[in-house]
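Structure assessment
The lines below spell out each chain.
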Amino acid sequence: MKRLALGLSLLAAAMPAAAVETLYLQGPLGLQRLSVNLQELSSPEALWSGSSDLAELNRATDGRLGRSLQTLFTTPLPLPVQLGLDNPMARQVEMLVQSLVEPSERQWQLPVVQAGASLPWLRQATASGEPLTLLTLLRVLPGDELTIRLDRALPALRKMTSQQAALDQQLLAQNPLPAAPAAALARGPKAVVRRVVVLADGLELTVVRPVGAPELPTVLISHGLWDAPVSFLGWAEHLASHGAVVLLPRHSGSDTRQQTSMLAGRSEPPKPEEFLRRPAELKAVLDALEAGQIPAVAGAPARDVVLIGHSWGATSTLQLAGARSVDDPLWQACQQANHPSRNPSWVLQCGVLPAAQPESLLDARLARVVAVSPPQGLVFAGGLSDLALPVLLISGSRDLVVPAQPEAIEPFARYPEGPNRLVVALDGTHFNLPSASGGNGGSLRALLLAWVKGEPIGPDTPVADPAGLALFQLR
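Residues numbered from 1 in each chain as written. Predicted model: local features only at pLDDT ≥ 70, side-chain atom pairs only at ≥ 80, totals over all residues. Heavy atoms only, no water.

**Describing the sheet that holds strand β6 (residues 204-210)**
- Pairing is mixed across the open sheet formed by nine strands, whose spatial order is β5-β6-β8-β7-β9-β10-β11-β12-β13. If you trace the sheet from one side to the other, it starts and ends with β5 (192-198) and β13 (471-473), each paired once. The sheet shows a mean angle of 20° between the axes of neighbouring strands, direction not considered.
- Contacts from helix α16 (residues 445-453) reach β7 (219-222), β9 (305-310), β10 (366-372), β11 (391-396), β12 (421-425) and β13, with the element oriented near 160° to β10. (Pairing = 2+ DSSP bridges. Helix = DSSP H or I, 4+ residues; strand = E, 2+ residues; numbered from the N terminus. Axes fitted to C-alpha atoms, helices over the stretch in contact; angles between N-to-C directions. Contact = heavy atoms within 4.5 Å.)

Laid out in structure tokens, this is it:
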């Protein structure tokens, strides 16, 4: 409650003179519009003692409504960056925003409700560098009053919250994976060196390897959208210390540098073709490894490679494991902002569909893969049965970006029978599963090491970090 009022008081303080003065909340469960005066949002006490519809209902619910609204107003929207005007991902965000924010009846000519014209407001909302939320967007929208469609937003929020609660209850009702032995959790016996090289095609590659001859399969790690190899050096260093050569390509079409360029107005968001370029870059690394064209990888096996990916990198990982983007009726739901199956990861998945091809990208040089928090339920809706390599699928129970239930648990049921495994980290989010350099490798380090070694993962396999997130094998 206090966080909601504080956040909204900052909104009131930041409002320019021509900005919104009154908000109306279109409520669910048969409730009509609820008004709120900005002065009531200046402090928790002002909201609690106010006379608006929102203040009265908040008191009647003993603050429960306020807590729900705090989540709604401050949860980052799926694309927290400055947006281009002609991009599928940008249009997905625009469609979602337009479904939630409406002007007053006399202000229907506001640009925010006109197709293609609300994107400048989205860009302005991110100019300060803050995450793009409904709160930051309201700071810049014009007009003296707006309606927030809670009747559309809260059901989706309640659904996600309910899924998380049910998953947490399911996890707590079973035994977590046992603690790993100290040798698997600790840094391995080998000294580690790191080097950045550029391949002949211009692809930048970070090489993390043990000093001396490698003793484990080569590992390839693919980063997510607007990320970089540095975010995964903790995993790389842990695996290298135990004997693996680890290769981390930089996907320049959708990495942190591309994001910086986009925020400066020098480039557009990643185009749908990035969906095919990323796996092509991973294949290029495998080609260079096989041809002996990567400096500093002497002795690294070029076959039976283990591929690990996070977020969009995990989606690319599944592509190389054989998942196909075959046309599916669910794809039509991308045009529906309020489709019941929609979750935040659809912004990316719907955005790349224009480039999706049904051909398999399976790579025989891979032995097995790890997919951490992959957007997959939509883009591979009809093609997960084509997976041809063992997959370790990992998700976090508190992931709001790629929620576990629709993007891990439900899709895993469509995986083929075989050695695939699904592990969920209790209280795992989209951002606390990876491990950057300088840490101990994170909560997944022993689990990843076991999978790289080819060890079977079962409900009694000791792979968890007792000081980290609890891990549960669901299937």
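Now that the structure has been shown, the text picks up again.
**Here's the deal with helix α12 (residues 274-290)**
- Compared with the 24 Å implied by 1.5 Å per residue over 17 residues, the 24 Å span of α12 between its first and last C-alpha is a close match.
- Looking only at α12, the buried set comprises Glu274, Phe275, Arg278, Pro279, Glu281, Leu282, Ala284, Val285, Leu286, Ala288 and Leu289.
- Of the residues one or two after α12, Gly292 is the one with positive phi, at around 70°. (Expected span 1.5 Å × (residues − 1). Buried < 20%, exposed > 50% of the residue type's maximum accessible area, 1.4 Å probe, protein only.)

**Some details on the pattern of salt bridges**
- Applying the stated rule across the entire model yields 17 salt bridges.
- Put simply, Arg303 and Glu290 hold a salt bridge, and the shortest N to O gap is 2.8 Å. One end of the pair, Arg303, is in the loop between α12 and β9; the other, Glu290, is in helix α12, with 13 residues separating them in the sequence.
- Among the ionic pairs, Arg365 bridges to Asp363, the shortest N-O distance being 2.8 Å. Of the two residues, Arg365 and Asp363, both sit in the buried class.
- Put simply, Lys283, Asp287, Glu290, Arg303, Asp363 and Arg365 are held in one network by salt bridges that share partners. (Salt bridge = Lys/Arg side-chain N within 4 Å of Asp/Glu carboxyl O.)

**A short note on the pairing of β7**
- Burial along β7 is two-sided: the face carrying Val219 and Ile221 and the face carrying Leu220 and Ser222 are both buried.
- In terms of strand pairing, β7 meets strand β8 (residues 246-249) through two bridges, oriented parallel. Bridge pairing in β8 places Leu220 opposite Leu247.
- Once you follow β7 into helix α10 (residues 233-241) and on to β8, the crossover reads as right-handed.
- Bridge count for β7 against β9 is four bridges, and the pairing is parallel. The partner of Ser222 across the bridge, within β9, is Gly309. (Right-handed = clockwise from strand over helix to strand, strands pointing away.)

**What about helix α13 (residues 312-320)?**
- Burial runs high along α13: nine of the nine residues are buried.
- Phi turns positive one or two residues past the end of α13, at Gly322, with a value near 115°.

**A look at the environment of Pro390**
- Along the polypeptide, Pro390 turns up in the loop between β10 and β11.
- Once the C-alpha coordinates of Pro390 and Leu366 are considered, the two residues, 24 residues apart in sequence, prove to be 9.8 Å apart.
- In this structure Pro390 touches Ala367, Arg368, Val369, Pro419, Asn420 and Trp451, once residues within four positions along its chain are discounted.

**A few points about unusual backbone geometry**
- Unusually for a residue other than glycine, Asp304 sits at a positive phi of about 55°.
- Within the fold, Asp304 resides in the loop between α12 and β9.
- A relative accessible area of 49% places Asp304 in the partly exposed class.
- One non-glycine residue, Asp427, adopts positive backbone phi at about 70°.
- Mapped onto the elements of the fold, Asp427 is located in the loop between β12 and α16.
- Judged by its relative accessible area of 40%, Asp427 falls in the partly exposed class.

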